Structure formats: structure tokens, C-alpha cells
4 protein chains.
Amino acid sequence: MSSTKKNTAILLIHCPDQKGIVAAISDFLLKNNGNVIDIEQHVETDINHFFMRVEWDLVGFAIPKDKIEEYFATLIGNKYSMQWQLKFSSKKPKMALFVSKMSHCLYDILQRYMSGEWEVEIPLIIGNHENLKYIADRFEIPFYHFPITKATKPEQEAKEIALLREHEVDFVVLARYMQILSDDFVNAFPNQVINIHHSFLPAFIGAKPYHAAHKRGVKIIGATSHYVTADLDEGPIIVQHTNSVSHKDSIKDLIRKGKNLEKMVLSEAIYLQLQHKVLPHNNRTIVF
Amino acid sequence: MSSTKKNTAILLIHCPDQKGIVAAISDFLLKNNGNVIDIEQHVETDINHFFMRVEWDLVGFAIPKDKIEEYFATLIGNKYSMQWQLKFSSKKPKMALFVSKMSHCLYDILQRYMSGEWEVEIPLIIGNHENLKYIADRFEIPFYHFPITKATKPEQEAKEIALLREHEVDFVVLARYMQILSDDFVNAFPNQVINIHHSFLPAFIGAKPYHAAHKRGVKIIGATSHYVTADLDEGPIIVQHTNSVSHKDSIKDLIRKGKNLEKMVLSEAIYLQLQHKVLPHNNRTIVF
Amino acid sequence: MSSTKKNTAILLIHCPDQKGIVAAISDFLLKNNGNVIDIEQHVETDINHFFMRVEWDLVGFAIPKDKIEEYFATLIGNKYSMQWQLKFSSKKPKMALFVSKMSHCLYDILQRYMSGEWEVEIPLIIGNHENLKYIADRFEIPFYHFPITKATKPEQEAKEIALLREHEVDFVVLARYMQILSDDFVNAFPNQVINIHHSFLPAFIGAKPYHAAHKRGVKIIGATSHYVTADLDEGPIIVQHTNSVSHKDSIKDLIRKGKNLEKMVLSEAIYLQLQHKVLPHNNRTIVF
Amino acid sequence: MSSTKKNTAILLIHCPDQKGIVAAISDFLLKNNGNVIDIEQHVETDINHFFMRVEWDLVGFAIPKDKIEEYFATLIGNKYSMQWQLKFSSKKPKMALFVSKMSHCLYDILQRYMSGEWEVEIPLIIGNHENLKYIADRFEIPFYHFPITKATKPEQEAKEIALLREHEVDFVVLARYMQILSDDFVNAFPNQVINIHHSFLPAFIGAKPYHAAHKRGVKIIGATSHYVTADLDEGPIIVQHTNSVSHKDSIKDLIRKGKNLEKMVLSEAIYLQLQHKVLPHNNRTIVF
């Protein structure tokens, strides 16, 4: 079975909690002959806020694909003061990769891409160094080199943004991209830039977390994938994993062991993003 | 906030998958002024079977509590060929404990019970040995001693069943009860007896799993809580956890480390059972 | 097999790294007919420092038990500028427990104590509240109530120290003791007070870590056992574990799930301490 | 710091447990001016058998490299009826890869190889299918295609063995090689063939473990790396890891999640093998 054959629509919704939302949405789908494949809801009780992800089969659905947005807004969305995103499984998301010098996350992503594990297009890879260009070449993906200095950053980032727009990129993955993005860049792609940080945030924010972990003598290390916001390493967390370490592990060992976590945690976040299963809200995520 | 104040109804449902089930149920609740607190569904696609757990507030609900069963059956359940259980959060489940000689699971359960972590009543503890009677005494829970030999088993089990019926026990927990229940006993409480097996099933079925694990030289050990069926250690699995071990761990170490898993895995299964979150079907469980 | 029958000596050693240390120690034991049961060493290469734990059988050992300290100092220890602790498996360590209102760690410890899982004496339990006195009573362990206010703290702690000295306590366990110890108290028991902190340190130092974890939207929670030093939550870490959580987990759920980690992490630290397997050095621990 | 600059010798030893072994070996090294970098021992008490791994600096060591084997045998090894392997960190091990159609383990291995994470040579990749030849080509590693039928198996395996001998391969890694090796092949490389099995052995031996896991309704999946012996999936286990799954995971999901475990578990076993840290004995491994 290949997921390419799925022809579904996905709604990611949130709004103030009110009686009747589930009934309204399931009734809307039923009346229009939409077969619900998956429906999941969550209420954040402390802020009285409602979240939902619903996926239904488009085969036989009465409302034409390009009218769903309008009909949903009119009949349901506006009534309940909802915010929503509408996605189609038939449209492969476009993902851009940003890299520096380390190859482990890049290879992990490209293997999944090549083997068909993911439904995604990778129109381009951007590096602030040229070290990994040869990998992009091997996989026949266009590689763009944007060296960045403090002076050239605004100009270079503007070019990157233009390039990403031109390729109609849906989201950006920082695959151990060792360069802080400016607020302008981040604001151009709100909750569309996924980073991997090599610690179990909020511990060891900033540079050299493995060195800091070794110095503190922790018995676990971790990795965190999160959406990038203007506050460094403070964005909504998508996935975290940890692993045991001991006094025997040198900083070099922590780095080696940490790479396993980084690969897994980043790829899991990408997978969830591709399935339209992550809904960021304030500084947290609902992961359906 | 105490969960004792919750006044909700819970429906656990399964039936052949059909269009419109979610809409029918959410509409039924909405029309009768029932505020949905939690709704979760799952479709087992390989067998085309639908599962749902829905919990709603009884405050203001139009149908009287003692009529909900009848109304649901008439209006929804029978129409969709559903099987269902209706539960009320206001009714504390009654749980009986079966023990032998080891105290770790028993203490873990009793601590949670005493500290108010769980909403449960424990009307009695049954032991095939008297070793742990002193603990029951300390916690002021009636303890019944039913020594079992091959010859006396049918008779003793019949007495146990009668005692459980008399106390209106909802489910039985085998807290390292080292005695196999007869098919008659198991059939008297279908999917109402929870066991803890000290291995990551299906590995190391039967007696002395830690000895077998040591002999095989595994690098992980585990524990499994499951509903008891007539097939030993083959019932639907509720919770499993594992832990790393090494060549340094003797059998004694495996037993010591395993106890931590056993306590956690059994108590997690009990918690899920108390929340009415486990729906066994065939030889698997849906854990909402 | 019971570990009570072991009659061994244990040396915990550290010193600047030098050639020949392992040979010197193993030769010292061999020449005096000491059968090595376990020997483990570690070199912290960045500070060029050597650590060792060696355990040998006292049966047939040529040097009398009460002379080992002197002989080792003269023949080996002083020569290599070592610091060391000498322990005997035949001497049960004495452990005092400090508690407040939460019972989960206390029960977990007492169950292991009562069932013979650990070789330890618990001469007393100290509470800054009386809430858990009934548990101490049930287990027939003397309970002392020391209510603490800002004004009475120095006086009350002085009494506690005197009481601990009187009972010849080897180490103190803070089993969710919700009161910060003064520097004077900490200095009276250097690396002899073990605390459980309910987060994966260094994340969420200080009060209410589960609330902070929920607010930050982390996908893992953790617990940390560590030696208490004058810097709050900054002492050498002994054991850490983490567990996955999701957006579905309320603060109450985090607290409930966290308790499992706290129990396990604290009891594991106590077990290691009882085996004389932890060697703190600077702000880290070697866990043999 | 690069590990390529290490110039050390490693002895992996096992023999019946006797008094004085540690002293004899550490004395042998000290007398010949060998600085011990790491020494670890283990006694399997139930069979009274001693195991050791010792690594020392060759710089300044009095015995010439090519005489160490002889001297050790004469002075220590034979005296204590030891079996041992002598390894040098300066000699990069040669590893052959066997693959079929799945690329995830292969890419994971090649990324670590290319990035210098491991000290290893990969002289050749062998496939029973040609599907992954393009990857070998990209990484410029010779690829040999040996299609295997029941009839051609003896002949093809004989050619493979000859090829491995010709390249002086130290060990073979089956990176999801979906073909059972004959006893003759296995016996030609005793404890030199590492396999990855996609379950937590001994559960789900044989083909299609994820299908079996799904059918059994387990809540954890796992992966196991082990040395290949004549008994299928029964060889000494090197590394195992597990991961949580739920009723929501289809067989396809289990396969996807399992691949993460397979990559990690296989690469961890290879790393340990490259460090000469694994000592198989009977059907178990000592992992120093």
C-alpha cells in the first residue's frame, strides 16, 4: 500500500472551546458525503481552548476541492471564531534544507526521501558553507551557497527568502545549520522553520550544549526539534528524546551519541509536519 | 482540583466501521445538551472495525442517568450494531487484589490508593499464602487466605468467585499472584482480570522469565500487563515497558531491576482501567 | 543467596593519574591473599585524574580488618597521594529519611527495606510536617517532628544534626522533603545528603518544576537524584531518568507520571549508595 | 582530537577464574613500561569464568609490537589457560557489508564511515540483489552482485567467502540482508558476522516480525544486533533497543518506526566491534 494513493483533506482547527463543535464538523462532513478517516480533538482546559485535526476522504465528497475553504469558512469556521489550515494529501509539501558542515541529519533525511518513506519534495539545499555540496550533488538536489558574515547577513537572508519564495517552499528544516536566523527571516516563515537543538531543552540553551552537559555531569543527554521563533531555542517544541550517558562518556562520546538522537528527533518532527499533525499554539504544540 | 468532583458519563464503543458514526454520536450528545469533554476514535483498517471512547458532562444532560443506556441503545447503538459499555465517573470501581509472597506491587498499589492518586475501592485482598496478610492488616483491608492445591483448586476458586460477587468487584488485579487461574475462573470475569507478567511478552512466556532472560543473554528486560484469558500469557496486552541490562547483571539483579518495571507497568494498567480507557478486542487492546 | 553473607572490603579511591596504580593495588591484594571480586577504574582524561573501586573477599585476607586502613595508607595510599574510603559489606549503613507530606517515595523506600531488597538500617524518620507520621508508626520506625520557620530553622536544624549524630547516621535521604537545608546542615554532611529533584536537571531548577515544564510545553519530563550542596539543585548528579509526555498531559498528569520517575530515581541512587558505588568528585559523580 | 592518533594495544581475555589474574596482567604491563589506558574485568559467577579487556599505550612499551603475542602467551596466557585476542588501534578493521533491497541501514553506516565517525575500511559491498548498487557507486565502494537461488547457494557463497578472504575482511555486517547464510558460511567466520534482526529477540524469531508484533498487539517493538550462528536468530546478542507503539500504529508504521531502531542498534554494535569491546562467550556477550 502506498500513501501516495491517498486522496484526503485535512483540517487543523483551533478556537475558543464551545459546545457543539465536534457535532458541527462531523455533521458538515457527513451531510456532504465525506468519510471521516481520522478525527482527534483536544481541549486545553486551563485556557479553555479547543483543537482538532480531522481527515476525510475526498472521493465522493460533495463540495469541490477548491470550494472547501470557502464553504467551511461560511458554514462553520466563522461561526465558531476558528482559525484553521486546510491541507490536501495529494499535494506533496516542499521542504528546503539548511546545512552547515555536519552531514548526519542531512543523510538521514535524504535516505528517507530517496527510499520513499516520506511524501515530500526537496527543491533545494542551502548551506552557509560549501562542505556538504558534494552530498547534494550526489543526490542531484540543487545546492546554494550563502556565506554569511555579520555585515552580509541581511542581504544574504533576503536572497534566501526570495529563493524560498520562488520555489514555493512550504517549510524549512535547519539540519544542524549553525547560524542564527534574523528576526526578519523568522517572521517571514512563522512556524514554518523547524530546528534541531542538541540538548533536552530548556536545559543547555545556546552554543556547545554537549560541553555544558559534560561539565554539569548529567546522566542523560537529549535532543529537541522545535519551531524557530525570535527567541533563540524558545520556540514550540515538537519532539524530544533522551538517552542515558555515564561518567565514562567524554565530550566526544556525548557528541557521537547525541547525533543518533538528533537524527531521530529531527526526522520524527519532519514526518509529523508532512502528515499535518502538528498545531503550534502560543509556545506549545498539539501533536495529533 | 480533585477528580472526585467530576460528574461525567463515558461510552466505550465498537462496531463495524460505517459512515456517520461520529456525527450520530456527537449529534446525540449535542441535542441532549451534553458537553463533550473528550472524544477519541480509532479505525482498525485491516478488519474495518470502529472504536470510540467519548466522555461528556452529566450536568445539564437532558436524559436522566438511569435512562441513558436505554436511549443510546434505541437511538444509536442498535442502529449501528454497536457493542458498548456505559460508565459513570461518580461510581468508584471496586478492585480486588490477588497476592502470593512478593510485596512490591502490593505496596505500590496501596500507596496510590491511600494517597488518593486513584479513585478506587479495594474491598478485599486474597492470598494463596498468608505472607502478606500483615500488610493488608496495616492498611485495614480485609485479607482472605485461600491455600490452593491441585485437589482443592475448583472448590477454592468457587469460593473466591462467590466472595468477589458478594463484594460486587468490578475487576481483579493479580499483583504477582503466582498461581494459574482455571478457565472457569477466567471465564467468570472476561477481560476483568489484569495480570503482570515479568517479561516483555511474547518473549519468555511461563515460569522464571528472568532466569530465561539471563540464559539467553538479552540486553533488555521488560514487564507486561495484560488481561487474563484461557491461554496463559496470551491475553490482550495493556502496557509494556522495558529497561536496559548488561552482562554485569546477575539473575538477582534482573529480578531487582524487573520489580521496578512490574510496579510501574501494573499500576499504569490499573490507572487506565480506572479511567475506562482500555477496550479489548480480539487479542489486542485499544488504549485511548 | 543473600548478600548479607558477603564479607568483603571495598575501597573507593581517587588520585592524580600515574603509571602503576592498578598494578600496585592488585599486587597489594594478591600478596595478602585477597581475592578480587570486582575492580573498576576510570580516568577523567581532561583533568588527568584516576578513580577506582575495588572489592575483595575478606575471608583469608592476611591483614586484620582493623589494620587495613593503616596498611593501605602506608603502603599505597600516601605514596600515590590518594584519597580513599574503606567500607565493609558486613556493616549495614544507617540511613535517615526526611519527609514532608508526600508519601510515594517514602513507601517505595520502606517496601524495599521491609522486603530485604536492601541491606540498610533506618533508625529514624524526620518530618517538617506530621502528615506521614502514621506511616512511620505502621512500619515501627521512630518519627521525629521538627516544624521549621525562618526564625526556628537554625535551632531546629542543630537539633536534627545532633539527633543524626546520636544515631550514627551514615547518610540522609530527602524523600520529597520540601524544605531547603541551610549551608550549615549541608556542610555537616558533605556528600552524605541525597535529594530527589522532580525535573531533569539542569532544566527547571527550584520550585514547581512540573508547572514550569507544562508551561514550556516539553515532550519529556524527568527526575534527578543528587548530592546536596550549598548551591540549590546544583550538586553532583547520581541518577536521572526521563519519560515521554504529550499535550494531553495536564499539570496533574505530569505530577502523577513524575512520581513514578521520582521513586525509581531516588531508590536507584540509594541502592548505589548502599553498594558504595558512587564517588563524587568536584561537581560530578563516578558511578561504578 | 582524533582517535586515529591513538597507538594502543588491546587484549580481550577470558579464562577460568583464579586468584591473581588482574595482578599478573597489570604487573606484566607495568614492568614493561605500558601505561594502562583502560582496564575492565568481569566474573561470570555462575560458571566461575573470568573476562577482561585491557588497553595500554604502545609508546614506550618495552616489548616490540610483533613480539607481544609471544611474550604474553609465554608469561601469562598459557599459565592461566587463557584464550585471548590481541588488537592494535593503529590497524583499521576491514568490514564487508551485505545488503538486499532496503537502504536505511546502509546509508546510516556509510554516513558514519564518510564523516570519519568510525575508524574502519569498507573494501566491498555484496548484494543478493542489485537494487542498492547505485548507492555503492555514489560512495565509490566496489559492489558485487551474487544472486542466490537454492541451487546456486553453495557455489555463490563459496565465491563470497573467497572474495572476503581476498580482501582480508575482519568482519561482515548484514545490513538487512534478507537471505539466510548457510552453516558453512557461518562457520567460516565464527563470531565475525553481525546481523540486525527487526524484533526484540527472543520474541518474533524468523520472518516478518513486525507483522507478528502487530497481530500480537504488543505495546513495544525492538531491534537486536547479534553474532550469527548456525541457529537462526539465536546467536549472542550485542545490542538491543525498544520503542513504544500503540494500537494506532499499523504494520506500515511499525516498519517505519522499527527502521530507526534497526539503524541505531546495528551501528552501535559496529561501533563496539570496532573498539574491540565485545567478547562473545557461549551464547552471551560481554560488552565492555
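Residues numbered from 1 in each chain as written. Chains lettered and ligands numbered in written order. Predicted model: local features only at pLDDT ≥ 70, side-chain atom pairs only at ≥ 80, totals over all residues. Heavy atoms only, no water.

## What about the overall build of chain A?
Piece 1. Per the secondary structure count, chain A includes eight helices and 13 strands.
Piece 2. Radius of gyration (C-alpha) of chain A: 21 Å, near the 19 Å computed for a compact globule of 288 residues.
Piece 3. Along the first, second and third principal axes, the C-alpha atoms of chain A reach 60 × 40 × 40 Å.
Piece 4. Going through the 288 residues of chain A one by one, you find that 59% of them count as buried.
Piece 5. Residue pairs at least 24 apart in sequence account for 67% of intrachain contacts in chain A once pairs closer than 6 positions are excluded.
Piece 6. Side-chain charges in chain A split into 33 positive and 33 negative, and the spacing between the mean points of these groups amounts to 7 Å. (Helix = DSSP H or I, 4+ residues; strand = E, 2+ residues; numbered from the N terminus. Rg over C-alpha atoms; globule rule 2.2 N^0.38 Å. Buried < 20%, exposed > 50% of the residue type's maximum accessible area, 1.4 Å probe, protein only. Contact = heavy atoms within 4.5 Å. Lys, Arg positive; Asp, Glu negative; His and termini not counted. Charge placed at Lys NZ, Arg CZ, Asp CG, Glu CD.)

## Focus on the interface of chain B and chain A
Piece 1. Each partner contributes residues to the interface: chain B has 14 residues there, and chain A has 14 residues.
Piece 2. Summing both sides of the interface, chain B and chain A together bury roughly 1,400 Å²; the carbon and sulfur share of this comes to 58%.
Piece 3. Sorting the residues of chain B by area buried against chain A places B:K19, B:L30 and B:Q41 first, and these three jointly supply 35% of that buried surface.
Piece 4. Remark: the boundary between chain B and chain A carries zero salt bridges.
Piece 5. Here chain B and chain A share five residue pairs in polar contact (both at pLDDT 80 or more) between them.
Piece 6. The element that contributes the greatest number of residues to the side of chain B that touches chain A is helix α1 (residues 21–31) of chain B, accounting for five residues.
Piece 7. Of the residues that constitute the side of chain B that touches chain A, the class distribution is five nonpolar, six polar and three charged. (Buried area = accessible area lost by both parts, 1.4 Å probe. Salt bridge = Lys/Arg side-chain N within 4 Å of Asp/Glu carboxyl O. Polar contact = N/O pair within 3.5 Å; in protein donor to acceptor, adjacent residues only side chain to side chain. Nonpolar A, V, L, I, M, F, W, Y, C, P; charged D, E, K, R; others polar.)

## Things to note about the side chain of D:D108
Piece 1. With respect to the helices, strands and loops of the structure, D:D108 is situated in helix α3 (residues 104–114).
Piece 2. Setting aside residues no more than four positions away along its own chain, D:D108 makes contact with A:K263, D:K263 and D:S267.

## Here we look at the interface of chain C and chain A
Piece 1. At the junction of the two partners, chain C supplies 32 residues and chain A supplies 32 residues.
Piece 2. For the pair chain C and chain A, the two sides together bury roughly 2,700 Å², of which 53% comes from carbon and sulfur.
Piece 3. For the interface between chain C and chain A, the tally reads four salt bridges.
Piece 4. A salt bridge links C:E234 to A:R216; the nearest nitrogen and oxygen atoms lie 3.6 Å apart.
Piece 5. Counting only elements with at least two residues in the side of chain C that touches chain A, the list comes to β2 (36–44), α7 (209–216), β11 (237–244) and β13 (284–287) of chain C.
Piece 6. The greatest single-element share of the side of chain C that touches chain A, amounting to five residues, is contributed by β11(C).
Piece 7. For the side of chain C that touches chain A, the class distribution of residues is 13 nonpolar, nine polar and 10 charged.

## As for the sheet that holds strand β7 (residues 143–145) of chain D
Note on sheets: strands pair through backbone hydrogen bonds, and any given pair is parallel or antiparallel.
Residues and elements named next belong to chain D.
Piece 1. Taken in spatial order, the seven strands of this open sheet run β7-β6-β5-β8-β9-β10-β11, and their pairing is mixed. Two strands in the sheet have a free side with no partner beyond their single neighbour: β7 and β11 (237–244). Strand-to-strand twist in this sheet, taken as the mean axis angle between neighbours without regard to direction, amounts to 20°.
Piece 2. Here helix α8 (residues 251–274) sits on the sheet and contacts β5 (94–99), β8 (171–174), β9 (193–197), β10 (220–227) and β11; the angle it forms with β11, its principal contact strand, is near 150°. (Pairing = 2+ DSSP bridges. Axes fitted to C-alpha atoms, helices over the stretch in contact; angles between N-to-C directions.)

## What about the pairing of strand β10 (residues 220–227) of chain B?
Side chains on a regular strand alternate between the two faces of the sheet.
Residues and elements named next belong to chain B.
Piece 1. With respect to burial, β10 is a largely interior element, eight of its eight residues being buried.
Piece 2. Burial along β10 is two-sided: I220, G222, T224 and H226 and I221, A223, S225 and Y227, pointing in opposite directions, are all buried.
Piece 3. As defined by bridge partners, β10 adjoins strand β11 (residues 237–244) across seven bridges and the pair is classed as antiparallel. Residue A223 lies in a different strand from β11, and its bridge partner there is H241.

## Quick word on the relation of the copies chain C and chain A
Piece 1. When chain C is brought onto chain A, the operation consists of a screw motion whose angular component is 180° and whose axial shift is 0.0 Å, with 0.0 Å RMSD remaining. Expressed as a symmetry operation, the mapping of one chain copy onto the other fits a two-fold axis. Closest approach to the rotation axis within chain C is made by the C-alpha atom of C:A203, at a distance of 2.3 Å.
Piece 2. The fraction of interface residues of chain C whose copies in chain A are also interface residues reaches 100%, indicating that both copies meet through the same surface. (Least-squares fit on C-alpha atoms with pLDDT ≥ 70 in both.)

## Considerations on the domain arrangement of chain A
All names here are of chain A.
Piece 1. Domains assigned within chain A are domain 1 (8–88) and domain 2 (95–287).
Piece 2. On a C-alpha basis, the centroid separation for the pair domain 1 and domain 2 is 31 Å.
Piece 3. On the domain 2 side, the residues contacting the 13 residues of domain 1 number nine residues.
Piece 4. The largest per-residue losses of area from domain 1 upon contact with domain 2 belong to L12, F51 and R53, which jointly make up 43% of the total buried on that side. (Domains from an automatic or database assignment.)

## Digging into the confidence of the model for chain A
Regions with low pLDDT should not have their predicted coordinates read in detail.
Piece 1. In this model, chain A carries an average pLDDT of 96, and 99% of its residues clear a pLDDT of 70 or more.
Piece 2. For this predicted complex, the interface score ipTM comes out at 0.95, while the overall pTM is 0.96. (pLDDT = per-residue confidence, 0-100.)

## Points about the packing of aromatic side chains
Piece 1. Using the criterion set out here, one finds 44 aromatic pairs over all chains in the structure.
Piece 2. Here the aromatic rings of B:F28 and B:F61 are separated by 6.5 Å at their centres, their planes lie at 75°, and the arrangement is edge-to-face. Residue B:F28 is found in helix α1, and its partner B:F61 is found in the loop between β3 (49–57) and α2 (68–77); the two are separated by 33 residues along the sequence. Taken individually, B:F28 and B:F61 each receive the classification buried, so the pair is uniform in this respect.
Piece 3. Sitting over the face of the ring of C:F139, B:R138 holds its NZ or CZ atom 4.7 Å from the ring centroid. (Phe/Tyr/Trp six-rings, centres within 6.5 Å; stacked < 30°, edge-to-face > 60°. Lys NZ or Arg CZ within 6 Å of the ring centre and 35° of its normal.)

## So, the pattern of salt bridges
Two side chains bearing opposite charge may form a pair once their charged atoms approach each other closely.
Piece 1. Taken as a whole, this structure holds 76 salt bridges over all chains when the rule is applied.
Piece 2. With a closest N to O distance of 3.3 Å, D:E40 and A:K248 form a salt bridge. Taken together, the residues span two chains, with D:E40 in strand β2 (residues 36–44) and A:K248 in the loop between β11 (237–244) and α8 (251–274).
Piece 3. For D:E40, a relative accessible area of 8% corresponds to the buried category.
Piece 4. The partly exposed category is assigned to A:K248, whose relative accessible area is 37%.
Piece 5. In this structure, C:D27 and C:K31 form a salt bridge, with 2.7 Å as the shortest nitrogen-oxygen distance. Of this pair, C:D27 and C:K31 both sit in helix α1 (residues 21–31), four residues apart, roughly one helical turn.
Piece 6. For C:K31, a relative accessible area of 64% corresponds to the exposed category.

## Considerations on the sheet that holds strand β6 (residues 125–127) of chain C
All names here are of chain C.
Piece 1. As summarised here, the arrangement of the seven strands in space is β7-β6-β5-β8-β9-β10-β11, forming an open sheet in which the pairing is mixed. In the strand order of this sheet, the two ends are held by β7 (143–145) and β11, each with one partner. Averaged over all neighbouring strand pairs, the angle between strand axes comes to 20°, with direction disregarded.
Piece 2. As defined by bridge partners, strand β8 (residues 171–174) adjoins strand β9 (residues 193–197) across three bridges and the pair is classed as parallel. The residue of β9 that forms the bridge with V173 is I194.
Piece 3. The sheet contacts of helix α8 (residues 251–274) involve β5 (95–99), β8, β9, β10 (220–227) and β11, and relative to β11 the element is tilted by about 150°.

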